[in-house]
Amino acid sequence: MVQRLRGGGRGVRGGVDSESGRGRHSAALALSPGSSVLDLGCGSGVPIARALVGAGDKVVGIDASPTMIAALRERFPGPGAACEPLKSSMFFGRAIEAVVAWGLLFLLRGEARRRFFPRVAAALRTGGRLFFTAPVERCSWKDLSTGRTSRSLGGEACRDLLRASGFELVGEEDDEGENHSFAAIRREAREVPASGRATPLAGRILLLALAAAAGLSCAPPSGWTEPASGIRLVLV
């Protein structure tokens, strides 16, 4: 069963004390102490970073608010922090073991929301974990933390986007604060066609071999790119 930090309601990152909340996020992500965790939209670090640091994880946070990042740095001098918009963030430029996005997805708009799952997948190591909250229903409301209008894609859209981005959904759960959480694992390296249905890389290699045998071009179709690791292809 997926465990998670208690929230104070839809879009609110509150409600966890340092003792009862300690370690719950690591349990949700199936992480061992000392894991590298990226907290997207980290705010001041309470309660997410506080619980993760208390569980022994190495937390880095990203938030667009200078005030929130300053509070995070004052509260947790050790963890890394970056004050930058999510859409232009490089996620510290290194592979990580888990990403937490609590009360964030429904605040994103347009391109930033469309590219959220592929970008997180690219930042995670194979087998890395993603934990995020989003309402199951399609709806809109005024976010209590930011005052902005939030819009939910709905649970089915989130599940489709996860699959199309190379994730395996491993659990969902509602808490008493009306937060619906999703836990997912980045699958082993696979290519992601435009249809959103993952095809094993071995299958593509076989197709290219057959094409070569038939005297056809073996060049990848337009839109395919290969990361520096050379182990997976992603359509963007």
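Provided above is the structure to which this section pertains.
Residues numbered from 1 in each chain as written. Predicted model: local features only at pLDDT ≥ 70, side-chain atom pairs only at ≥ 80, totals over all residues. Heavy atoms only, no water.

Engineer: Got a minute to help me understand the overall build of the protein chain in this structure?
Structural biologist: Tallying secondary structure elements over the protein chain gives 7 helices and 13 strands in all. In the protein chain, which comprises 236 residues, the share counted as buried stands at 47%. Considering only intrachain contacts with a sequence separation of at least 6, the fraction spanning at least 24 residues in the protein chain is 60%. Carbon and sulfur atoms make up 55% of the accessible area of the protein chain, which amounts to about 11,500 Å² in all. (Helix = DSSP H or I, 4+ residues; strand = E, 2+ residues; numbered from the N terminus. Buried < 20%, exposed > 50% of the residue type's maximum accessible area, 1.4 Å probe, protein only. Contact = heavy atoms within 4.5 Å. Areas by Shrake-Rupley, 256 points an atom, 1.4 Å probe, with all protein chains shown as cover.)

Engineer: For this particular structure, what's the right way to read the sheet that holds strand β9 (residues 180-186)?
Structural biologist: Paired through backbone hydrogen bonds, the strands of a sheet run either parallel or antiparallel to each other. Here 7 strands make up an open sheet; going across it, the order is β3-β2-β1-β4-β5-β9-β8 and the pairing mixed. Whereas interior strands pair on both sides, the edge strands pair on one side only; in this sheet they are β3 (80-83) and β8 (167-174). Taken pair by pair, the neighbouring strands of this sheet meet at an average axis angle of 15°, ignoring direction. Relative to β3, strand β2 (residues 58-63) is paired through 4 bridges, and the arrangement is parallel. (Pairing = 2+ DSSP bridges. Axes fitted to C-alpha atoms, helices over the stretch in contact; angles between N-to-C directions.)

Engineer: Even after reading the chapter, I still don't get the nonpolar core, so can you show me in this structure?
Structural biologist: Burial of nonpolar side chains together is a common tendency in soluble globular proteins. Grouped together as the largest cluster of nonpolar side chains are 27 residues, with contacts concentrated most on L40, F116, V120, L130 and F132. Those elements that place two or more of their residues in this core are β1 (36-40), β2, β4 (96-101), α5 (116-123), β5 (124-133), α6 (155-164) and β9. When residues of this core are assigned to their parent elements, the largest contribution, 5 residues, is made by α5. Formed by 16 residues, the second largest nonpolar core is a distinct cluster that contains L52, A98, V100 and A183. (Core = buried A, V, L, I, M, F, W, Y, C linked by side-chain atoms within 4.5 Å.)

Engineer: I keep staring at the environment of L153 and nothing clicks. Help me out?
Structural biologist: With respect to the helices and strands, L153 occurs in the loop between β7 (149-151) and α6. The buried category is assigned to L153, whose relative accessible area is 19%. Once the C-alpha coordinates of L153 and L105 are considered, the two residues, 48 residues apart in sequence, prove to be 8.9 Å apart. Those residues in contact with L153 that sit more than four places away from it in its chain are R113, R138 and L161.

Engineer: Explain the packing of aromatic side chains to me, please; I cannot follow it from the model alone.
Structural biologist: Within this structure, the stated rule accounts for 5 aromatic pairs. Seen from their ring centres, W102 and F131 are 6.3 Å apart, and the 20° between their planes marks the pair as stacked. With W102 in the loop between β4 and α4 (110-114) and F131 in strand β5, this residue pair connects regions lying 29 residues apart in the sequence. Overall, the relative accessible area of 2% leaves W102 in the buried class. The structure contains a cluster of three or more aromatic residues connected by ring pairs, namely F116, F117, F132 and F182. The ring of F91 has R119 sitting right over it, with the charged end atom 4.6 Å from the ring centre. (Phe/Tyr/Trp six-rings, centres within 6.5 Å; stacked < 30°, edge-to-face > 60°. Lys NZ or Arg CZ within 6 Å of the ring centre and 35° of its normal.)

By themselves, these are just geometric observations and shouldn't be taken as functional.
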